[in-house]
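Structural description and commentary
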Amino acid sequence: MCNGAPNIVAQTGLKPEQYEVVELAEPDSLPECYGRVREALARLGAGREGWRRIADYTGGTKTMSVALALAALEAGWGLSLVTGTRPDLVKVLNGSEMATLINAWEVRARQRLAEARELFNTYAYASAGALLEGLARTGPLSNALQSEVKQWVALCRAFDAWDRFDHARAWQLLESDQRRFVPQWRFLKALREQATGYEPVLDLVRNAERRAARGRYDDAVARLYRALEMLAQVRLGEREPPLNTGDLDVSALPEALRNKYEALRDPVDGKVRIGLRQAYDLLADLDDPLGRVWREHKKRALNALKKRNASILAHGSQPLGKGDYEEMVQTVQAFIEAGLAALRVKVEAPQFPRWEEG
């Protein structure tokens, strides 16, 4: 009874099997209230697929109301509240009460948006995009929220494409939003235009950083190896005459070097192919600026490359860990930085942006 009025069960004529009373030892303990309510909602919702589920959080202590609203939002229940004319902050005016459905979907959508932001900031662009697309399909959104969701879906697709080296698709999706991501846009433009020719090398390094941030160290090390290999290939290709590691023209080399590299000719197809180490040794033999840097870093670089060779994605059978990646990335970044400086090449390659709140 409350103020002489019958309780809710009596007023509604509910039978014992149609309701459940959950007793709380500590009605002001949020963890207890939330846990008990969460269990109750799961129990009540079981086997009632297709039923309309509404939680009214009008009564109870403030803690109980908060717990019910939190648990209901998590479980996907609708929310209801008795409102009316308020002469003060204590209660509504007698006789003006009215049960009102709350737009719980908008609140849940904001929660999902926060989850998508976390995924975006950990470089899980496909997962973030799928979550946001689900928001747009599941329920109605306000114009402002709908606009925000659409914008971030496009950005998730753009950075997912870039993360997969689909630069043309990334360009298409980012073009209308380029002013929000000026450093990244400039780098993408340089990538597409091959401004210096070395942009793909740094793109691989940034990609490796993102893989490592997600704990995918074997993938990250594989990308670092490719970046190191590509650096030598680009440099050899821009020399005069250009040299191709996949089909080396031995006749284009100084006469003193021809026998050394002629010995590498494949007897089957007649081509001379050289790998990463041989490419840098060739640059050193040519006294190229990058080759001189290689001489200085060779020992450290070869030690780091042993990690890559032990990877299950290369020649080994063991997964690499964080320490293996960190050793590799420090060596590779230091070498690339010194190499580009020796070549007098400057490339600004920022990491992908974060999705900040607000």
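We now turn to the structure provided with this report. Computed from a prediction, not measured in an experiment: that's the story for all the values here. (Residues numbered from 1 in each chain as written. Predicted model: local features only at pLDDT ≥ 70, side-chain atom pairs only at ≥ 80, totals over all residues. Heavy atoms only, no water.)

1. Details of the overall build of the protein
Note the threshold: By the criteria applied, helices consist of DSSP H or I runs no shorter than four residues and strands consist of E runs no shorter than two, each listed in order from the N terminus. Only C-alpha atoms enter the radius of gyration; for comparison, a globular chain is expected to reach 2.2 Å times N to the power 0.38, where N is the number of residues. Contacts between residues were defined by any pair of non-hydrogen atoms, one from each residue, lying within 4.5 Å. Two residue types count as positive, namely Lys and Arg, and two as negative, namely Asp and Glu; His and chain ends fall outside the count. To locate a charge, take atom NZ for lysine, CZ for arginine, CG for aspartate or CD for glutamate.
From N to C terminus, the protein includes 14 helices and 3 strands. Scaling as 2.2 N^0.38, a compact globule of 358 residues should have a C-alpha radius of gyration of about 21 Å, whereas the protein reaches 32 Å, well beyond that. Dimensions of the protein, computed from C-alpha atoms along their principal axes, come out at roughly 110 × 45 × 35 Å. Nonlocal contacts in the protein, meaning residues at least 24 apart in sequence, comprise 59% of its contacts between residues at least 6 apart. One way to put it: in the protein the 51 positive side-chain charges average out to a point 1 Å from where the 49 negative ones average out.

2. Side note on the environment of A55
The line we're drawing: Buried residues are those whose accessible area, probed at 1.4 Å on protein chains only, stays under 20% of the maximum for their type, while exposed residues exceed 50% and partly exposed ones sit between those limits.
In this fold, A55 is placed in strand β1 (residues 54-56). A55 gets classed as buried once you look at its relative accessible area, which sits at 4%. With 68 residues separating them along the chain, A55 and Y123 place their C-alpha atoms 36 Å apart. Apart from residues lying up to four places away in sequence, A55 is in contact with L68, A72, W77, G78, L79 and S80.

3. Let's talk about a nonpolar patch on the surface
This is how the line gets drawn: Each patch is built from residues lacking any salt bridge and having more than 30% relative accessible area; the joining distance is 9 Å for like charges and 5 Å for nonpolar side chains (Val, Leu, Ile, Met, Phe, Trp, Tyr). What sets the accessible areas is the Shrake-Rupley method with a 1.4 Å probe; for residues, cover comes only from the shown protein chains. Salt bridges are identified by distance alone: a Lys or Arg side-chain nitrogen within 4 Å of an Asp or Glu carboxyl oxygen.
There is a patch of nonpolar side chains on the surface, built from L14, Y19 and V21 and spanning about 260 Å² of accessible area. Topologically, V21 is positioned in the loop between α1 (8-12) and α2 (30-45).

4. Thoughts on α2
As a reminder of what qualifies: To estimate the expected span of a helix, count its residues, drop one, and scale the result by 1.5 Å. The directions considered for the arc are those from the helix axis to the C-beta atoms.
For α2, with 16 residues, the first-to-last C-alpha span of 22 Å sits near the 22 Å given by 1.5 Å per residue. The set of residues buried in α2 consists of C33, V37, A40, L41 and G45. Taken around the axis of α2, the buried residues stretch over an arc of 120 degrees, which confines them to a single face. Summarising the geometry of α2, the exposed residues directed more than 90 degrees from the buried face are P31 and A42. Of the surrounding elements, those touching the buried residues of α2 are α3 (62-75). G47, located one to two residues past α2, shows a positive phi value of around 75 degrees.

5. A few points about the environment of D281
Turning to its location among the elements, D281 is positioned in helix α12 (residues 276-285). In the structure, D281 is positioned 13 residues away from W294 in sequence and 7.8 Å away in space, judged by C-alpha atoms. In contact with D281, other than residues within four places in its own chain, are Y261, W294 and K298.

6. Some thoughts on the packing of aromatic side chains
Each aromatic ring pair is described using two quantities: the centre-to-centre distance and the angle formed by the ring planes. We apply this condition: Any Phe, Tyr or Trp ring, taking Trp's six-membered ring, that has another such ring centre within 6.5 Å forms a pair; planes under 30 degrees apart are called stacked, those over 60 apart edge-to-face, and the others tilted.
Tallied over the entire structure, the rule returns 18 aromatic pairs. Ring centres 6.1 Å apart and planes at 35 degrees place the aromatic pair W162 and F187 in the tilted group. Residue W162 is located in helix α6 (residues 143-163), and its partner F187 is located in helix α8 (residues 182-193); the two are separated by 25 residues in the primary sequence. Judged by its relative accessible area of 1%, F187 falls in the buried class. Aromatic pair Y280 and F335: ring centres 5.2 Å apart, planes at 80 degrees, arrangement edge-to-face. Taken together, the residues span a long stretch of sequence, with Y280 in helix α12 and F335 in helix α14 (residues 322-342) at a distance of 55 residues. We note that Y280, like F335, is buried. Grouping aromatic residues by their ring pairs yields a cluster made of F120, Y123, Y125, W152, F159, W162, F181, F187, F352 and W355.

7. Section: the pattern of salt bridges
Pairing between side chains of opposite charge can happen when their charged atoms approach one another. Evaluated as defined, the whole model comprises 23 salt bridges. E193 serves as the salt-bridge partner of K189, at 3.0 Å between the closest nitrogen and oxygen. Within this pair, K189 and its partner E193 are both found in helix α8, separated by 4 residues, close to a single helical turn. Between D287 and R295 there is a salt bridge; the shortest N-O distance is 3.6 Å. Look at D287 and you get partly exposed, because its relative accessible area is 42%. Three or more residues are tied together by salt bridges with common partners; here these are R235, E238, R239 and D288.

8. Remarks on helix α9 (residues 199-213)
Here α9 spans 21 Å end to end across 15 residues, near enough to the 21 Å set by a 1.5 Å rise per residue. Extensive coverage of α9 is indicated by the burial of 12 of its 15 residues. Within α9, the full set of buried residues consists of E199, V201, L202, D203, L204, V205, R206, N207, A208, R210, R211 and A212. On its buried face, α9 sits against α5 (125-138), α6, α7 (167-174), α8, α10 (217-238) and α14. Count one or two residues on from α9 and you reach G215, which has phi positive near 80 degrees.

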